[in-house]
Amino acid sequence: MIVLGVETSCDETSVALVRDGRDVLANVVASQAELHRRYGGVFPEVASRQHVLSIVPVFKDAISRAQVGWEDVSAVAVTYGPGLVGSLVVGLNFAKALALARGLPFIGINHLEGHIYSAWLRLSPDDSPPEPRFPALVLIVSGGHTELVLMRDHSQYTLLGHTLDDAAGEAFDKVARMLGLPYPGGPHIQRAAEQGNPEAFRFPRAWLPETYHFSFSGLKTAVWREVRRYLPDGEEVSRPRPGQMPEEQAALPVHDLAASFQQAVVDVLVAKTVRAARDFSVQEVILAGGVAANRPLRQQLATALRELSVPLRPAPLSLCTDNAAMIAGAAYWRLQRGERSSLDLDAEPNVALADRPERAVTLRSRTPARGQ
Ligand code: KG4
Ligand code: ZN
């Protein structure tokens, strides 16, 4: 079964073709990062207008790269939320038009579910990701979300914890801005941190004991307080071109600040994930979302889970940030069960993956995880 996926929830326009929920035949992503850089974040109106311009060329490119004809495509899948409403409707209407014109089954997919299924995709026939094993614990860390989800089976999600304020990726982006690094900040912080000392600054870790929740706003404020100490009164950090450090900011210890900030984020993400993995006796841990591309996070989480003998299944690096392959991948399992969406499906900018429990899920174990 070849599924054609469409993703336009934020600032990437993407179309992909995936066979049997596993093999990525083509995954074309047109990033708008350059367009939004001057705003230091995604400018919604600019994003939706750019999706309108990009969607047809991206689609044509994907079809030609996959080397398949229309007769080989079995269904059309699209992200219907969460995301920016003006961006979502572009992909949604495009996918509906394709399905209608070709008489193909149509299905809407939750963007976060897409991120999860990116971990089970195969970019080349030589890769061999094993079958999904349940229960699985999922850490989704992106620009808009930081969630720990228990997955008992396909489409069965229980939200164990979420961020109470900023998402991890949002914290990376905001701190990058403070340090004068370009948007999106995550990869630039990681690069700057490679030459820094993660122990140079003792930034706070919000352990939020008794829950699997996260909080990154205190950490962000602590970094800002430190940055201000290096700047003359009232002076803003000017934004350098990628890879350049302006002379007036030479005094700012960007590398040490980036490394210490990154370590604080990684410490909390690793400790909470390891604890949940142990508490719920999971078969594997999935790491997905844009921040899952972070090398220290991948390495340190894998090391910590090895002690529990729980395998870590991180999404392939190139599929961590938004892409349509993950949407087509997730759609396969639902289509297999006969699920379809109506062509009346609306964009749902705030749709959740799993209901938030009325009371926070409290920790199952009393023994603190490493670092807590
Ligand atoms: O999943 P994604 O592409 O979009 C959302 O659904 O939000 O995630 C984008 C986020 C951005 O905040 C970006 O800074 C972060 O992922 N990111 C990283 C890295 N690469 C991307 N954060 C830390 N380290 C990275 N290497
Ligand atoms: Zn995303």
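Criteria and thresholds
- Residues numbered from 1 in each chain as written.
- Chains lettered and ligands numbered in written order.
- Predicted model: local features only at pLDDT ≥ 70, side-chain atom pairs only at ≥ 80, totals over all residues.
- Heavy atoms only, no water.
- Donors = N, O, S within 2.8 Å, 3.2 Å for Na, K, Ca; no water.
- Helix = DSSP H or I, 4+ residues; strand = E, 2+ residues; numbered from the N terminus.
- Buried < 20%, exposed > 50% of the residue type's maximum accessible area, 1.4 Å probe, protein only.
- Salt bridge = Lys/Arg side-chain N within 4 Å of Asp/Glu carboxyl O.
- Pairing = 2+ DSSP bridges.
- Axes fitted to C-alpha atoms, helices over the stretch in contact; angles between N-to-C directions.

Quick look at the coordination of the zinc ion (ligand 2) now. The zinc ion (ligand 2) binds to the protein through His 111 (NE2), His 115 (NE2) and Asp 322 (OD); the donor distances cover 2.0 to 2.1 Å. Within one chain, the residues donating to the zinc ion (ligand 2) are spaced in sequence as H-x3-H-x206-D. Here the residue His 115 occupies a position in helix 4 (residues 111-117), and Asp 322 occupies one in the loop between strand 10 (312-314) and helix 10 (325-336), the gap between them amounting to 207 residues. Residue classification places His 115 among the buried residues on the basis of a relative accessible area of 0%.

Next up on the list: the pattern of salt bridges. Summed over the entire model, instances satisfying the criterion amount to 13 salt bridges. Linking Lys 174 and Glu 170 is a salt bridge whose minimum nitrogen-to-oxygen distance equals 3.2 Å. Remark: Glu 170 and Lys 174 occur in helix 5 (residues 168-178); sequence separation between them is 4 residues, near one turn of the helix. Between Glu 284 and Arg 313 there is a salt bridge, with its nearest N and O atoms 2.8 Å apart. Within this pair, whereas Glu 284 is found in strand 9 (residues 284-288), its partner Arg 313 is found in strand 10, the two being separated by 29 residues in sequence.

Let's shift gears to the sheet that holds strand 5 (residues 106-110). Spatial strand order, 3-2-1-4-5: 5 strands in an open sheet with mixed pairing. Looking at the sheet topology across the chains shown, the edges are occupied by strand 3 (23-31) and strand 5. Across the sheet, the axes of successive neighbouring strands diverge by a mean angle of 20°, strand direction being ignored. As paired strands, strand 2 (residues 12-19) and strand 3 are joined by 8 bridges and run antiparallel to one another. Paired with Val 18 across the two strands is Val 24, which belongs to strand 3.

Everything listed here is a matter of geometry and, on its own, says nothing about what the molecule does.
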